[in-house]
Amino acid sequence: MTTAAPLARAERWLWQALLLCVPVSASPLLPFGNGTLARPLAIVPAALLLILAAYRLLVLGQRPRLAADGFAALGLFTLYIVISGLGVVMVQPPDAFKGQTPLESFIRALLTWGVGLAFYVTARLHIRTAADIRMTLRTLFIGMGASIALAGVQVVAMAQRGELLRVVQAVTDLIAVRYDGLVSRAQGMTFEPSWLATQIIVLLIPALIARAMARQEGVGLPALPGHGPRLAGGFAVAIGGLLFSGSRFGLACIIAMLGLSVFLAAVRGRIRAAATFLGVLVAGGGAVVAMSGLGAGAGATYVMGPVAYLTQSADLDTIAGGDLATGVTDALALAGRFAAAEAAGLTWLDHPAFGVSLGNNYRYFGEYAPDWAFSTQLFTQGAKEGIGWLDPNSPEKGNAKNLFLRLLSETGVIGFALFIVFFWRQLFRGPPHDAFHGYFRLASAASLGFSFLNQDTFVDAGLWIPLAICCAMNHLPRAGE
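Calculation criteria
Residues numbered from 1 in each chain as written. Predicted model: local features only at pLDDT ≥ 70, side-chain atom pairs only at ≥ 80, totals over all residues. Heavy atoms only, no water. Buried < 20%, exposed > 50% of the residue type's maximum accessible area, 1.4 Å probe, protein only. Helix = DSSP H or I, 4+ residues; strand = E, 2+ residues; numbered from the N terminus. 1 Å grid on protein atoms, 1.4 Å probe; cavity = no way out; pocket = protein on both sides within 12 Å on 5 of 7 lines; lining within 4 Å. Points joined across faces, edges and corners; volume = space filled by probe spheres on them. Nonpolar A, V, L, I, M, F, W, Y, C, P; charged D, E, K, R; others polar. Salt bridge = Lys/Arg side-chain N within 4 Å of Asp/Glu carboxyl O.

Trainee: Help me understand helix α8 (residues 205–214) in this model?
Mentor: For an α-helix, the turn length of 3.6 residues means that residues three or four places apart are oriented alike. In terms of burial, α8 is a largely internal element, nine of the ten residues being buried. All buried positions along α8 are accounted for by Ile205, Pro206, Ala207, Leu208, Ile209, Ala210, Ala212, Met213 and Ala214.

Trainee: Please explain empty space enclosed by the protein as it appears in this structure.
Mentor: To locate leftover empty space, one rolls a probe as large as a water molecule over the atoms. Applying the stated rule across the entire model yields three cavities of 30 Å³ or more. Of the voids in this model, the largest cavity is the one considered here, and its volume is about 120 Å³. What lines the largest cavity is a set of 13 residues, among which Ser451, Phe452, Gln455, Asp460 and Leu463 lie closest to the centre. Taken together, the elements giving at least two residues each to the lining of the largest cavity come down to α7 (193–203), α18 (435–452) and α19 (461–474). In this structure, the second largest cavity encloses a volume near 50 Å³. Every residue lining the second largest cavity is listed: Leu137, Leu140, Val202, Leu203, Pro206, Phe440, Ser444, Ile465, Pro466 and Ile469. Among the secondary structure elements, those contributing two or more residues to the lining of the second largest cavity are α5 (130–160), α7, α18 and α19. When residues of the lining of the second largest cavity are assigned to their parent elements, the largest contribution, three residues, is made by α19. Taken together, the residues of the lining of the second largest cavity sort by class into nine nonpolar, one polar and no charged.

Trainee: I keep staring at the pattern of salt bridges and nothing clicks. Help me out?
Mentor: Two side chains of opposite charge can pair, provided their charged atoms sit close to one another. Per the counting criterion, the structure on display carries six salt bridges. Here aspartate 69 and arginine 429 are joined by a salt bridge, their closest N and O atoms 4.0 Å apart. Pair noted here: aspartate 69 is in the loop between α2 (43–58) and α3 (71–89) and arginine 429 is in the loop between α17 (403–428) and α18, with a separation of 360 residues, a long-range link. Given the relative accessible area of 10%, aspartate 69 is considered buried. On the basis of relative accessibility, which here comes to 35%, the residue arginine 429 falls in the partly exposed class. Among the salt bridges present, the one from glutamate 217 reaches arginine 230, with a minimum N-O distance of 2.6 Å. Note that glutamate 217 is positioned in strand β1 (residues 216–218) and arginine 230 in helix α9 (residues 227–245), a separation of 13 residues in sequence.

What is shown is where atoms sit, not what they do.
So this is what it looks like as structure tokens:
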């Protein structure tokens, strides 16, 4: 009994450290080799928390009081991907591609799945009450705020160049493994701008939308004095981070989410919330125009060039010799992503039930690459996409870049269905406790769905923590219980 209080304090500090580390998605402190870009620093406190949980269970004989919901589905999915994956790789030729046999790629993918499970189990252990939920959201906002602040400094440095940029790049390299370096878009503490944008969409936006729609501070907590200014400040930080990142996907996501929120608020008569969302959209649009002069963040050519192309090309018949699809994909620099997605889809159609085993989707890009990809810039823009995906000695992999397509192509329709059942039950089990709960899980479902269209990794804690938050909300005791 004498160890209970110190142990609880240590667990609370480690959990807060994990939340603060979530933005650091590619830490150079983790020695996983140059070929591994996704290195979440949060795995360190997560591992320590799991060790303490094992100590409580095995030494102290304390069992955590957790709802069983979710664990059975994940256990079934894990068992399925292990058995089906081994069955598939054992009948494949053991030829190495990019330095890995099918079995080695499968084992590496299982390790990344294990990291995801570690984040999920840790989050479920430490998000159980309404107070846990509020502390988690607050600490996540602090950590993301620090990453966004660094992104703002990066934008200023990229605009000014010179010695300031060299210093800021050196500081960034201490936090994140270098991907492309700071050129025109900010990455904050993540390893690339799109990760920063995805984290903002998934970790910050759902709570802000729920607070505006429900006019509450959190689940079971009504609005307090200063609710409006705090909400405005939260949106300013989140939108600022998206503008600093210059992620076209992130900007498109926030436009879609806020547009849907305006419609939903208007339909339900929440005029103040609708006005808030419209104001955020207008302010964000004005900021994009203002940043166009900086040539960085949302004002970079990466963002402004395609916008100008799509809005100023009046004679569509002359675009790219009459091939509108090729012209648009070239302008958006999306040929590689579209080709990888189409190849993953075709792979699944040829292996519909069980897929090609977890972690092996990239091996089939050469076989299923669409013909149109060879007529675009995909195979002429360097080793990171296209030609690098076909080179057996290049570390670059033609992965699906889309979690839905990755699950379908690697685990088949069976694995996809098992995962979606788990995902849906975590979000929507039972009726909502209050308006904040209802709007939060709707916004979380939308944000996670959007993020799945842009990323296909299991190791980002941002995938698992929102699910654990929604699960905890679903199991909060009701009035009178």
